[in-house]
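Here is how the chains run, residue by residue.
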Amino acid sequence: MASNNGDVKLIGAWASPYVMRPRIALNVKSVEYEFLQEQFGSKSELLLKSNPVHKKIPVLLHNGKPICESSIIVEYIDEVWSSGPSILPSDPYDRAVARFWAAYLDEKWFPNVRAAPMAATEEAKNAAVEQLKEGLALLEGAYGEISKGEDFFGGEKIGFLDIAFGSMLGWLRAVQVILGGVKLLDEEKTPDLCKWAGKFSADPAVKDVLPETEKLLEFSKILMAKMKPASSS
Amino acid sequence: MANELILLDTWVSPFGMRVRIALREKGIKFEYKEEDLTNKSDLLLKMNPIHKKIPVLIHNGKPVRESGIIVQYVDEVWHDKAPLLPSEPYPRAQARFWADFVDKKIYDTGRKIWTTKGDEQKSATEEFIGYLKTLEAELGDKPYFGGEKLGYVDVTMIPFYSWFHAYEVSGNFSIESNCPKLMAWAKRCMQHESVSKTLPDPKKVYEFILQLKKRLGIE
């Protein structure tokens, strides 16, 4: 049973939303791959060799050739396996819009998901939470415009922006718990996104990739222990 | 079908320059609107309410934002004229990677050079040279990052050439002596009208930085 897809490996880690993106994309295209998981706290020789510039996951290795940066990998997957369902929209303007929101999520929004639980002061935490809520309000509006009445940002099927944003849902849910039940995704304020989140999480390409909130909460304890200074005040 | 293109931009922005170079390479006509970033126009605020930043390319009334995204959009819409991204997926991914590298590293580190002093400035300068050397290694023996012709990475990086003088004077170092191959590449790019017409006089960029520092209250 020779694969026409070539040799496909993904260097990553189960908890990283950036790694979830190419995993979902490969699932959308029904491409089998070997998932090489990095050990938490150390970087493998293969990772350092494959991504010498940033030394970060994910890295896709296709027939031994590395592709780095999650959004770039997803676009690569879409272009190589072009006979499978499309991930990027076909219209250039729609592509520009999808890329814009993915960049917004990466540069402005997700850093607050990580910052909120680690905030040193109550003030800083509240500021991060406000930013997250504002961002979600913007995304609720964007969803309305982009989905045009369909289930996903990508239309009938999940697409680039669904994957870019949806990969963050696991941590978003975990952070809501860590912050003591703060409602970031809110049925009253962001009803469409709540529905979208449910549908996205249940999608066949997604459900085995998006970790359960419980698992992420356990992992976050290890993460936070590693990041906090040794002495407590 | 009328193709109305308006570019909201500022003369000194390396991000705006990328878009201008791409449009000029492809021979596409556009209307240029100089923004005063201390007094942003209603049009800019309407077209980019989230970031309120330039460049914004307005195509038949619809805004495209973020310089890298705009250049890719222009390349896709006018794909038959002077293509900037390679046609094959692997080289495309590589081009996007290196453009992303430029985006993540060059502007912010360069900014540290002219906004700081002493040890902080020295380490920013060293970091900056390190990144330029990484780019030199990627360029290798090719005339352009895009191979035989100007490509996406060239267009993304060349605007910073107009800022080199400002970095050098601020940080008291020479980019030419550290990265001669990169300087040769830059001069090669400047032979293209799309580039030479777009890049401002480096001395004017340095004056701009001096004025900006005054305004920001940086010594």
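Reading the values: the criteria
Residues numbered from 1 in each chain as written. Chains lettered and ligands numbered in written order. Predicted model: local features only at pLDDT ≥ 70, side-chain atom pairs only at ≥ 80, totals over all residues. Heavy atoms only, no water. Helix = DSSP H or I, 4+ residues; strand = E, 2+ residues; numbered from the N terminus. Rg over C-alpha atoms; globule rule 2.2 N^0.38 Å. Buried < 20%, exposed > 50% of the residue type's maximum accessible area, 1.4 Å probe, protein only. Contact = heavy atoms within 4.5 Å. Areas by Shrake-Rupley, 256 points an atom, 1.4 Å probe, with all protein chains shown as cover. Lys, Arg positive; Asp, Glu negative; His and termini not counted. Charge placed at Lys NZ, Arg CZ, Asp CG, Glu CD. Domains from an automatic or database assignment. Buried area = accessible area lost by both parts, 1.4 Å probe. Salt bridge = Lys/Arg side-chain N within 4 Å of Asp/Glu carboxyl O. Polar contact = N/O pair within 3.5 Å; in protein donor to acceptor, adjacent residues only side chain to side chain. Nonpolar A, V, L, I, M, F, W, Y, C, P; charged D, E, K, R; others polar. UniProt positions renumbered as here; feature names shortened; annotations may be inferred. Core = buried A, V, L, I, M, F, W, Y, C linked by side-chain atoms within 4.5 Å. Patch = residues over 30% accessible without salt bridge, like charges linked within 9 Å, V, L, I, M, F, W, Y side chains within 5 Å. Pairing = 2+ DSSP bridges. Axes fitted to C-alpha atoms, helices over the stretch in contact; angles between N-to-C directions. Phe/Tyr/Trp six-rings, centres within 6.5 Å; stacked < 30°, edge-to-face > 60°. Lys NZ or Arg CZ within 6 Å of the ring centre and 35° of its normal.

Enquirer: What is the right way to read the overall build of chain B from this model?
Expert: Looking only at helices and strands, one finds 11 helices and four strands in chain B. By the compact-globule yardstick of 17 Å for 219 residues, chain B fits well, its C-alpha radius of gyration being 17 Å. Taken across its 219 residues, chain B has 53% of its residues classed as buried. Within chain B, contacts between residues at least 6 apart in sequence are counted, and of these 67% link residues at least 24 apart. Total accessible area on chain B is roughly 10200 Å²; 50% of this is exposed by carbon and sulfur atoms. Distance between charge centres in chain B, computed from 33 positive and 31 negative side chains, equals 2 Å.

Enquirer: Honestly, the domain arrangement of chain A in this entry has me stumped. Any pointers?
Expert: The figure often quoted for interface size is the accessible area lost as the parts come together. Residues and elements named next belong to chain A. According to the domain assignment, chain A contains domain 1 (8-80) and domain 2 (92-221). The interface is formed by 15 residues belonging to domain 1 together with 21 residues belonging to domain 2. Summed over both sides, the interface between domain 1 and domain 2 buries roughly 1700 Å², with carbon and sulfur atoms accounting for 70% of that surface. Among the residues of domain 1 in contact with domain 2, W14, R21 and I24 are the three that bury the most area, contributing 36% of the side total. Here domain 1 and domain 2 share two salt bridges between them. Between D106 and R21 there is a salt bridge, with the nearest N and O atoms lying 2.8 Å from each other. Counting across the domain 1 and domain 2 interface gives six residue pairs in polar contact (both at pLDDT 80 or more). At the level of elements, α1 (17-28) and α3 (70-80) are the ones that each hand at least two residues to the side of domain 1 that touches domain 2. Residue composition of the side of domain 1 that touches domain 2, grouped by class: 10 nonpolar, two polar and three charged.

Enquirer: Sorry if this is basic, but what is going on with the UniProt feature "domain: GST N-terminal" (unreviewed entry) in chain A here?
Expert: Residues given the UniProt feature "domain: GST N-terminal" (unreviewed entry) here are residues 6-85 of chain A. For residues 6-85 of chain A, the end-to-end C-alpha separation is 19 Å, with 36% helix and 21% strand making up the annotated structure.

Enquirer: Sorry if this is basic, but what is going on with the nonpolar core here?
Expert: A general tendency of soluble globular proteins is for nonpolar side chains to be buried together. Judged by nonpolar contacts, the single largest core of 139 residues is most densely connected at W109 and W196 of chain A together with L132, L135, F164 and W185 of chain B. With 13 residues, helix α4 (residues 92-118) of chain A is the single largest residue contributor to this core. Structurally, this core is a two-domain feature, drawing no fewer than three residues from each of domain 1 (8-80) and domain 2 (92-221) of chain A. Apart from residues lying up to four places away in sequence, L132 of chain B is in contact with I106, M157, F164, I175, C179 and L182 of chain B. Within the second largest apolar cluster, seven residues are counted, among which are I6, L8, L44 and I54 of chain B.

Enquirer: Just to check I follow, could you spell out the UniProt feature "domain: GST C-terminal" (unreviewed entry) in chain A for this structure?
Expert: Per the UniProt record, "domain: GST C-terminal" (unreviewed entry) is annotated on residues 91-219 of chain A. Across residues 91-219 of chain A, the secondary structure splits into 69% helix and 0% strand, with the terminal C-alpha atoms separated by 40 Å.

Enquirer: Sorry if this is basic, but what is going on with a positive patch on the surface here?
Expert: A cluster of basic residues, K43, K55, K56 and R114 of chain A, forms a positive patch at the surface. Along the chain, the position of K55 of chain A falls in the loop between α2 (45-50) and β3 (59-62).

Enquirer: Teacher, can you tell me more about the UniProt feature "domain: GST N-terminal" (unreviewed entry) in chain B here?
Expert: Look at the UniProt record and you will see "domain: GST N-terminal" (unreviewed entry) annotated at residues 3-82 of chain B. The distance separating the terminal C-alpha atoms of residues 3-82 of chain B is 18 Å; by composition the span is 36% helix and 21% strand.

Enquirer: Explain the interface of chain A and chain B to me, please; I cannot follow it from the model alone.
Expert: Residue-level contacts link 24 residues of chain A with 25 residues of chain B. In this assembly, chain A packs against chain B so that about 2300 Å² is buried in total across both faces, 68% of it on carbon and sulfur atoms. Our count for the contact surface shared by chain A and chain B stands at six salt bridges. A salt bridge links K104 of chain B to E69 of chain A; its shortest N-O distance comes to 2.7 Å. Remark: the boundary between chain A and chain B carries eight residue pairs in polar contact (both at pLDDT 80 or more). The element that contributes the greatest number of residues to the side of chain A that touches chain B is α4 of chain A, accounting for 10 residues.

Enquirer: What is the right way to read the sheet that holds strand β4 (residues 62-65) of chain B from this model?
Expert: As a general point, the strands of a sheet are linked pairwise by backbone hydrogen bonds and lie either parallel or antiparallel. All names here are of chain B. Taken in spatial order, the four strands line up as β2-β1-β3-β4 in an open sheet, and their pairing is mixed. Two strands lie at the open edges of the sheet, namely β2 (31-34) and β4, each paired on one side alone. Each neighbouring strand pair of the sheet contributes to a mean axis angle of 25°, computed without reference to strand direction. Pairing geometry for strand β1 (residues 5-9) and strand β3 (residues 56-59), over four bridges, is antiparallel. What sits directly across from L5, in β3, is H59.

Enquirer: Honestly, the packing of aromatic side chains in this entry has me stumped. Any pointers?
Expert: Pairs of aromatic rings are described using the distance from one ring centre to the other and the angle between the two planes. This model, assessed by the stated rule, comprises 28 aromatic pairs over all chains. Ring geometry for W101 of chain A and Y104 of chain A: centres 5.5 Å apart, planes at 80°, overall edge-to-face. With W101 of chain A and Y104 of chain A both in helix α4, this residue pair falls three residues apart, about one helical turn. Note on accessibility: W101 of chain A and Y104 of chain A belong to one class, buried. With 5.1 Å between their ring centres and 85° between their planes, F97 of chain B and W98 of chain B make a pair best called edge-to-face. The exposure class of F97 of chain B is buried, given its relative accessible area of 6%. Judged by its relative accessible area of 8%, W98 of chain B falls in the buried class. Every member of this aromatic cluster is reached through a ring pair, and the members are F15, Y107, W114, F128, F160, W163, Y167 and F173 of chain B. Residue placement shows K65 of chain A over the ring face of Y90 of chain B; its charged tip is 4.4 Å from the ring centre. The ring of Y93 of chain A has K62 of chain B lying over it, and the distance from NZ or CZ to the ring centre is 4.4 Å.

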